[in-house]
Amino acid sequence: MERSSKMEFFQKLGYGREDVVRVLGKLGEDALVNDVLRELIQTGSRPGAHESSAGPLLVPRGSCGPLDPAHCGLPAELEDDRGGPASSLRPIVIDGSNVAMSHGNKEAFSCRGIQLAVDWFRDRGHTYIKVFVPSWRKDPPRSDTPIREQHVLEELERQAVLVYTPSRKVNGKRVVCYDDRYIVKVAYEQDGVIVSNDNYRDLQSENPEWKWFIEQRLLMFSFVNDRFMPPDDPLGRRGPTLSNFLSRKPRPPEPSWQHCPYGKKCTYGVKCKFYHPERPHLAQLAVADEL
């Protein structure tokens, strides 16, 4: 093996160039690889700790590394508070026009409604929140398009929360890009949640993947005066809770504590799925099994 090949070989093993040169100078350029390696070990030379060649950290079974919290089983509350890419909370994409018109009772574009929705998700700990609004909403309000508290849009834009979708005027007519497509596309790519009372039926027919996504990730809402209120069961009574719906790592449902309608006359024993207060710690058998 040539000198350059030997040098490259031992450097891949993690030995320093100076140590290899020293040993080759002692044993000669024609020394065998095994002899050079033996000499390196005997002289106490150790491979360097290069990040590129470092192996995975071995941790005893049942424990986690003390310096890497990503491998430890942190509680969900702590993961939510950390924020950032590792947050267990889903990204939020808000249909600004739909939210503002809902807060304005469909009579005016109420920017305060958008702020209330953003604040609600911020209070829950969501770090990725985007609001989409057509850029022509920056124009001065007119009698046919009333808008309230327009300064809220400017503040949210400075905070990098609000995004204006493109629009322009051609021969005096306004050409508006379809902002709903922006909303669904960004939410789909981010694996997030769409906040809107619109069902986006036209976009559902365009893309079967979008159809499933809209059906499963659309969060509807109501305004009670100035209170933003999404439902506690976004996908119906048999669906996930609101906390699970907004989380990347849903928690298992709580056990049912509904009392058995048959009470002490129940003959299902341990197979009964209802709660029996008279036998909380006693494993009951069915009457047929007892016989």
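If you're wondering where the values come from, they're calculated on a predicted model, not measured in any experiment.

Parameters at a glance
- Residues numbered from 1 in each chain as written.
- Predicted model: local features only at pLDDT ≥ 70, side-chain atom pairs only at ≥ 80, totals over all residues.
- Heavy atoms only, no water.
- Helix = DSSP H or I, 4+ residues; strand = E, 2+ residues; numbered from the N terminus.
- Buried < 20%, exposed > 50% of the residue type's maximum accessible area, 1.4 Å probe, protein only.
- Contact = heavy atoms within 4.5 Å.
- Areas by Shrake-Rupley, 256 points an atom, 1.4 Å probe, with all protein chains shown as cover.
- Pairing = 2+ DSSP bridges.
- Axes fitted to C-alpha atoms, helices over the stretch in contact; angles between N-to-C directions.
- pLDDT = per-residue confidence, 0-100.
- Salt bridge = Lys/Arg side-chain N within 4 Å of Asp/Glu carboxyl O.

Chemist: I'd like a description of the overall build of the protein, backed by residues and values.
Modeler: A tally of helices and strands in the protein yields 12 helices and 11 strands. Counting only residues that meet the buried cut, the protein has 34% of its 291 residues in that class. Taking contacts inside the protein between residues at least 6 apart in sequence as the whole, the part at least 24 apart equals 54%. Roughly 19300 Å² of accessible area belongs to the protein as shown, and the carbon and sulfur atoms make up 52% of that amount.

Chemist: Provide a residue-level description of the sheet that holds strand β3 (residues 129-134), including the pertinent values.
Modeler: Strand order in the open sheet formed by five strands is β5-β3-β1-β8-β9, with parallel pairing between adjacent strands. Looking along the sheet, the strands with just one partner apiece sit at the ends: β5 (162-165) and β9 (218-219). Across four bridges, the pairing between β3 and β5 is parallel. Bridge assignment links Phe-132 to a residue of β5, and that residue is Val-163. The sheet contacts of helix α6 (residues 111-124) involve β1 (92-95), β3, β8 (193-195) and β9, and relative to β3 the element is tilted by about 165 degrees.

Chemist: Lay out the confidence of the model for the protein with the relevant residues and their values.
Modeler: With 76% of its residues at a pLDDT of 70 or more, the protein has an overall mean of 78. Across residues 283-291, confidence stays below pLDDT 50; counting only partners more than four residues off in sequence or on other chains, it has 10 contacts.

Chemist: Break down helix α5 (residues 96-103) for me, with residues and values.
Modeler: The buried fraction of α5 is high, at six of eight residues. Among the residues of α5, Gly-96, Ser-97, Asn-98, Val-99, Ala-100 and His-103 are the ones counted as buried. One or two steps after α5, the chain reaches Asn-105, where phi turns positive at roughly 55 degrees.

Chemist: Could you give an account of the pairing of strand β6 (residues 167-170), naming the residues involved and the relevant values?
Modeler: Taken together, the four bridges between β6 and strand β7 (residues 173-176) define a ladder with antiparallel strand orientation. Pairing of Val-170 across the sheet is with Lys-173, part of β7. Hairpin connection from β6 to β7: two residues lie between these consecutive antiparallel strands, with Asn-171 at a positive phi of about 55 degrees.

Chemist: Could you give me a rundown of the environment of Asn-98, with the residues and numbers involved?
Modeler: With respect to the helices and strands, the residue Asn-98 is situated in helix α5. Through-space distance from the C-alpha of Asn-98 to that of Asn-197 is 6.8 Å; in sequence the pair is 99 residues apart. Discounting chain neighbours no more than four positions away, the residues touching Asn-98 are Ser-196, Asn-197, Asp-198 and Phe-221.

Chemist: Break down the environment of Arg-148 for me, citing the residues and quoting the values.
Modeler: With respect to the helices and strands, the residue Arg-148 is situated in strand β4 (residues 147-148). Sequence-wise, Arg-148 and Phe-109 are 39 residues apart; in three dimensions their C-alpha atoms are separated by 6.1 Å. Among residues more than four places away in sequence, those in contact with Arg-148 are Gly-104, Ala-108, Phe-109, Ser-110 and Cys-111.

Chemist: Lay out the pattern of salt bridges in plain terms, naming residues and giving numbers.
Modeler: In this structure the tally under the stated criterion is nine salt bridges. In this structure, the salt-bridge partner of Asp-191 is Arg-90, at a minimum N-O distance of 3.3 Å. With Asp-191 in the loop between α8 (179-190) and β8 and Arg-90 in the loop between α4 (76-82) and β1, the pair connects residues that are 101 residues apart, well separated along the chain. Owing to a relative accessible area of 11%, Arg-90 belongs among the buried residues under this scheme. Between Glu-155 and Arg-158 there is a salt bridge; the shortest N-O distance is 2.5 Å. With Glu-155 and Arg-158 both in helix α7 (residues 151-158), this residue pair falls three residues apart, about one helical turn. You can call Glu-155 partly exposed: its relative accessible area is 30%. Among the charged side chains, a network of salt bridges with common partners joins Arg-90, Asp-191, Arg-217 and Arg-248.

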